[in-house]
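Chains, contacts and geometry: an overview
Given next are the chains, with one letter for each unit.
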Amino acid sequence: MQHLSRSGRVNIEVIAPVPWVPFKSRFFPEYSKLVDVPRYELWHGLNVYHPRYLVVPKIGMLATPIFLAITLFWEILHLNNKGHKFDIIDAHYYYPDGVAVAIVAKLLKIPLLITARGTDINLISNFTIPRKMIVWASKIARFNLAVCEALRRRMVDIGFDETATGVYRNGVDLNLFHPFFMRDEMRQKWNVRRHLLISVGYLIERKGHHLLIEAMSSLPDYELFIVGDGEWREKLELLAKQHAVQERVRFIGEVPQQQLPELYNIADALVLASSREGWANVLLEAMACGTPVVATRIWGTPEVVQAPEAGVLCKERSVQGIIEAVECLFDNYPDRQKTRQYAEKFSWQETTEGLLALISEVNRSNLQQ
């Protein structure tokens, strides 16, 4: 959105609904954080609105698209009354968001684009009713975008019109993520004494942090930083103690995006052991800092890691697979400058220009109708 806005060719208003939570409680700390989300904020120069929608436990998976659609409908009407006339709606993540926006776009007769991100297509579409709703929404949309070719093929497999699909991959901010000249001094500041691996992402099962912690038992010359927070933190800390690697595994917690470049720079490799990813931003962020990666061979990841200077793909998603891939990377460790040069091929410019062309085409077609 930032890159599209900076082009000066589109005006963007962002609607990012959050679940309605009546009050804070220690019994549901994650939901309690939503109470503090402002109704409006200016984020990197973009107007961002956070209307509330209802989430009903137990039946939320099927009912949420409806409640979300109601909220979005009234928010768009409210903004329209304030002078914001929308020519196109651009929705991200197919379920429930894309389905909800498709309902609104049909009611308000506004052209729609929907971008699939990963689990919305490769996981949620396995459920019968959500899959039917997703395919229905794809027919409402003027065009359906995927962040990688593997995801686009899956979209076609479940019933999308192939002629209305295309790949518009994520890019990387090469100005924010870049190599630092004071890398050795920064490693001293963080007290890094061995090869440093870094794992970035929510502390949940599908991110695979637990596999990497177990792998550390067989990687005695390595340290591990785990960046992120989530429901598995205590479980992962206990796992590190069980495998007697707690002295070499450091839990950094959640950090602002602006701090990530420093952590990528002091690391010798990023390890991504996910079971599902559409197009993992952390891979390109690390490479842009000159840090090669070790990653599981899933969905869009092989489209990101295509050369030795980028890193190594695991033969299988397992503890042994990670051990072998890490050892393979360090046996033939790439030049960090070449890793950075590889990442430079994935700037946002190509995707931004492609999206602007698509938006112009859809808008022109709508005006002719």
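Above this text sits the structure in question.
Everything numeric here is computed off the predicted structure, so don't read it as measured data.

**Comments concerning the overall build of the protein**
Looking only at helices and strands, one finds 16 helices and 15 strands in the protein. Scaling as 2.2 N^0.38, a compact globule of 369 residues should have a C-alpha radius of gyration of about 21 Å, and the protein matches this with 22 Å. If one aligns the C-alpha atoms of the protein with their principal axes, the spans along those axes are about 65 × 45 × 40 Å. Each of the 369 residues in the protein was classed as buried or not, and the buried ones make up 51%.

**Quick word on the environment of Glu-262**
Along the chain, Glu-262 falls in helix α11 (residues 260-266). When its relative accessible area of 17% is taken as the criterion, Glu-262 is described as buried. Separated by 66 residues in sequence, Glu-262 and Cys-328 have C-alpha atoms that sit 25 Å apart. Those residues in contact with Glu-262 that sit more than four places away from it in its chain are Phe-180, Met-186, Lys-189 and Trp-190. Here Trp-190 takes part through its side chain, which lies 2.8 Å from a polar atom of the side chain of Glu-262.

**Description of the sheet that holds strand β3 (residues 40-43)**
One open sheet holds the three strands; their spatial order is β1-β4-β3, and the pairing between them is mixed. Here the strands that pair on one side only, and so sit at the sheet edges, are β1 (13-15) and β3. On average, adjacent strands in this sheet sit at an angle of 25 degrees to one another, irrespective of strand direction.

**Quick notes on helix α14 (residues 319-331)**
Every α-helix winds through 3.6 residues per turn, so residues three or four apart in the chain are directed the same way. Helix length check: α14, at 13 residues, gives a terminal C-alpha distance of 18 Å against a target of 18 Å (1.5 Å per residue), a fit within 8%. Of the residues making up α14, those classed as buried are Gly-321, Ile-322, Ile-323, Ala-325, Val-326, Leu-329 and Phe-330. Summarising the contacts, the buried residues of α14 are in contact with β10 (195-200), α9 (209-215), β11 (222-227), β13 (269-272), β14 (293-295) and β15 (311-313).

**Thoughts on unusual backbone geometry**
Going from Tyr-95 to Pro-96, the amide bond is cis rather than trans, its omega being 5 degrees. Structurally, the position occupied by Pro-96 is in helix α4 (residues 94-108). Despite not being glycine, Asn-191 shows a phi value in the positive range, around 60 degrees. Take Asn-191: it is sitting in the loop between α8 (183-189) and β10. Phi angles above zero are rare outside glycine, and Ala-244 is one such case at about 55 degrees. Mapped onto the elements, Ala-244 comes out in the loop between α10 (233-242) and β12 (249-253). Residue Ala-244 is classed as exposed on the basis of its relative accessible area, which comes to 62%.

**Some words on the state of the cysteines**
What the rule picks out here adds up to zero disulfides. Left unpaired, Cys-328 is separated from the closest cysteine sulfur, that of Cys-314, by 9.9 Å.

**A few points about the packing of aromatic side chains**
The geometry of an aromatic ring pair is captured by two quantities: the separation of the ring centres and the angle between the planes. By the definition in use, this model includes nine aromatic pairs. Ring centres of Tyr-40 and Tyr-49 lie 5.4 Å apart, and the angle between their planes is 50 degrees; this geometry places the pair in the tilted category. On the numbers, 5.4 Å between centres and 85 degrees between planes, the contact of Phe-73 with Trp-74 is edge-to-face. With a relative accessible area of 56%, Trp-74 lands in the exposed category. Three or more aromatic residues link up through ring pairs in this structure, and these residues are Tyr-222, Phe-330 and Tyr-333. The residue whose ring lies beneath Lys-235 is Trp-232, and the NZ or CZ to ring-centre distance is 4.2 Å.

**A word on the pattern of salt bridges**
Taken as a whole, this structure holds 13 salt bridges when the rule is applied. Note that Glu-353 is salt-bridged to Arg-9, the shortest N-O span being 3.5 Å. Here the residue Glu-353 occupies a position in helix α16 (residues 349-368), and Arg-9 occupies one in the loop between α1 (2-6) and β1, the gap between them amounting to 344 residues. Here Arg-194 makes a salt bridge to Glu-223, at a shortest N to O gap of 3.8 Å. Of this pair, Arg-194 sits in the loop between α8 and β10 while Glu-223 sits in strand β11, and the two are 29 residues apart along the sequence.

**Quick notes on the packing of α4 against helix α6 (residues 128-140)**
Across the interface, α4 lies against α6 with an axial gap of 9 Å and an inter-helix angle of 45 degrees. Classified by the angle between their axes, α4 and α6 sit oblique to one another. The two elements α4 and α6 cross, and the hand of that crossing is left-handed. From α4, Tyr-94, Tyr-95, Gly-98, Val-99, Ala-102, Ile-103 and Lys-106 reach across to α6, where they touch Pro-130, Met-133, Ile-134, Trp-136, Ala-137, Ser-138 and Ile-140.

**Description of the environment of Ala-295**
The residue Ala-295 is located in strand β14 in this model. Take Ala-295: its relative accessible area is 0%, and that puts it in the buried class. Sequence separation between Ala-295 and Ile-322 is 27 residues, and the spatial gap between their C-alpha atoms is 8.1 Å.

**Thoughts on the pairing of β13**
The alternating pattern of β13 places Ala-269 and Val-271 on one face and Leu-270 and Leu-272 on the opposite face, and all of these are buried. Pairing of β10 with β13 involves two bridges; the strand directions are parallel. By the bridge assignment for β13, Ile-198 is matched with Leu-270. With three bridges joining them, β13 and β14 adopt parallel strand pairing. Residue pairing for β14: Leu-272 is matched across the bridge by Ala-295. With helix α12 (residues 281-288) bridging β13 and its parallel neighbour β14, the resulting β-α-β unit is right-handed.

What counts, and where the lines are drawn
- Within each chain, residue numbers correspond to sequence positions counted from 1 in written order.
- In keeping with the predicted nature of the model, local features appear solely for residues at pLDDT of at least 70, side-chain atom pairs appear and are counted solely at 80 or more, and the whole-chain, interface and lining totals rest on all residues.
- Side-chain figures throughout are based on the complete set of non-hydrogen atoms in the structure, without hydrogens or water.
- A run of DSSP states H or I qualifies as a helix once it reaches four residues; a run of E qualifies as a strand once it reaches two. Both are numbered from the N-terminal end.
- When we talk radius of gyration, it's over C-alpha atoms, and the globule rule is simply 2.2 Å times the number of residues to the 0.38.
- Think of it in three bands: with a 1.4 Å probe and only protein chains considered, a residue is buried below 20% of the maximum accessible area for its type, exposed above 50%, and partly exposed in between.
- The criterion used for residue contact is that any of the two residues' heavy atoms lie within 4.5 Å.
- Here a polar contact is recorded for every N or O atom pair within 3.5 Å, except that within protein the pair must consist of a potential hydrogen donor and a potential acceptor, and residues adjacent in sequence are included only if both atoms are side-chain atoms.
- Two strands form a pair only when DSSP identifies at least two bridges running between them.
- In this description, a line fitted to the C-alpha atoms serves as the axis of each element, helices being fitted only across the stretch in contact, and the angle between N-to-C directions of two axes falls anywhere from 0 to 180 degrees.
- In this analysis, the expected span of each helix is defined as 1.5 Å times one less than the number of residues it contains.
- In what follows, a disulfide is any cysteine sulfur pair within 2.5 Å.
- Centres within 6.5 Å make a pair out of two Phe, Tyr or Trp rings, where for Trp the six-membered ring is used; the pair is then stacked when the planes are under 30 degrees apart, edge-to-face when over 60, and tilted otherwise.
- Geometrically, a lysine NZ or arginine CZ counts as sitting over a ring once it is within 6 Å of the ring centre and also within 35 degrees of the ring normal.
- Put simply, a salt bridge is a Lys or Arg side-chain nitrogen that is within 4 Å of an Asp or Glu carboxyl oxygen.
- An angle below 35 degrees is treated as roughly parallel, one above 145 as roughly antiparallel, one from 65 to 115 as roughly perpendicular, and anything else as oblique.
- We call a crossing left-handed when the near helix sits turned anticlockwise from the far one by less than a right angle, and right-handed when that turn is clockwise.
- Seen with its strands pointing away from the viewer, a crossover is right-handed if its path from the first strand over the helix to the second goes clockwise.

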